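# Per-entry structural report
The primary structure of each chain is shown beneath.
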Amino acid sequence: QVQLVESGGGLVQAGGSLRLSCAASGLTFTTLAMGWFRQDPGKEREFVAAINWSGSMTNYAVSVKGRFTISRDNAKNTVYLQMNSLKPEDTAVYYCAGDRDRYGASRQPSSYDYWGQGTQVTVSS
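On a predicted model such as this, the values are computed, not experimentally measured, just so you know.

Parameters at a glance
Residues numbered from 1 in each chain as written. Predicted model: local features only at pLDDT ≥ 70, side-chain atom pairs only at ≥ 80, totals over all residues. Heavy atoms only, no water. Phe/Tyr/Trp six-rings, centres within 6.5 Å; stacked < 30°, edge-to-face > 60°. Helix = DSSP H or I, 4+ residues; strand = E, 2+ residues; numbered from the N terminus. Buried < 20%, exposed > 50% of the residue type's maximum accessible area, 1.4 Å probe, protein only. Lys NZ or Arg CZ within 6 Å of the ring centre and 35° of its normal. Pairing = 2+ DSSP bridges. Axes fitted to C-alpha atoms, helices over the stretch in contact; angles between N-to-C directions. Salt bridge = Lys/Arg side-chain N within 4 Å of Asp/Glu carboxyl O.

## Description of the packing of aromatic side chains
- In total, this model carries four aromatic pairs according to the counting rule given.
- Ring centres of Phe37 and Phe47 lie 5.7 Å apart, and the angle between their planes is 70 degrees; this geometry places the pair in the edge-to-face category. Note that Phe37 is positioned in strand 4 (residues 33–39) and Phe47 in strand 5 (residues 46–51), a separation of 10 residues in sequence.
- The class for Phe47 is buried, based on a relative accessible area of 9%.
- Between Phe37 and Tyr112 the ring centres are 5.1 Å apart and the planes differ by 80 degrees, which places this aromatic pair in the edge-to-face class. Taken together, the residues Phe37 in strand 4 and Tyr112 in the loop between strand 9 (92–99) and strand 10 (114–115) connect sequence positions 75 residues apart. With respect to class, Phe37 is no different from Tyr112; both count as buried.
- The ring of Trp115 has Arg45 sitting right over it, with the charged end atom 4.7 Å from the ring centre.
- Here Arg102 stacks its cationic end above the ring of Trp53, 4.4 Å away from the centre of that ring.

This is the structure in structure tokens:
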């Protein structure tokens, strides 16, 4: 049974930083590309960042490029999202996701096969 478990969310002031982690179990981690998405209530799930199986390719939403960094540690079966210079508009539930097309770093939620339960990030002004 594949599980993705996010952690690291919380409340932070604007301009601050958080690091999200997503631990995978139940499969060989290097068979997956990984992505981070976010969602506000009443809105569609939004792409944030993605990384291929080796970490050699990354992809970012325009709104977070230069502030957020996605990385992975395959020895720990974990993907990270380092979020710096946070803004109130970054407030959302953040989800990690796994894509069995391990060579890609897709922006499309429909490309992903596995999802975590989400972690809340709240940025106060």
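Okay, back to it.
## Notes on the sheet that holds strand 7 (residues 68–73)
- Pairing is antiparallel in the open sheet, where four strands are placed in the order 1-3-8-7. Unpaired on one side and paired on the other, strand 1 (3–7) and strand 7 mark the two borders of the sheet. When strand polarity is set aside, the average angle formed by the axes of neighbouring strands in this sheet is 15 degrees.

## Some thoughts on the pairing of strand 4
- Burial within strand 4 is extensive, with six of its seven residues counted as buried.
- As defined by bridge partners, strand 4 adjoins strand 9 across seven bridges and the pair is classed as antiparallel. Across the sheet, the residue bridging to Trp36 is Cys96, located in strand 9.
- The sheet contact formed by strand 4 and strand 5 spans five bridges and is antiparallel. Residue pairing for strand 5: Arg38 is matched across the bridge by Glu46.
- Linkage of strand 4 to strand 5, two consecutive antiparallel strands, is achieved through a turn of six residues, within which Gly42 is found at a positive phi near 80 degrees.

## Digging into the pattern of salt bridges
- As enumerated under the stated definition, the model contains five salt bridges in all.
- Here Arg67 ties to Asp90 by a salt bridge, and the two come within 2.8 Å at their closest N and O atoms. Highlighted residues: Arg67 in the loop between strand 6 (58–60) and strand 7 and Asp90 in the loop between strand 8 (78–83) and strand 9, separated in sequence by 23 residues. The same class applies to Arg67 and to Asp90, which are both buried.
- If you follow the salt bridges from partner to partner, you end up with Arg38, Glu46, Arg67 and Asp90 in one network.

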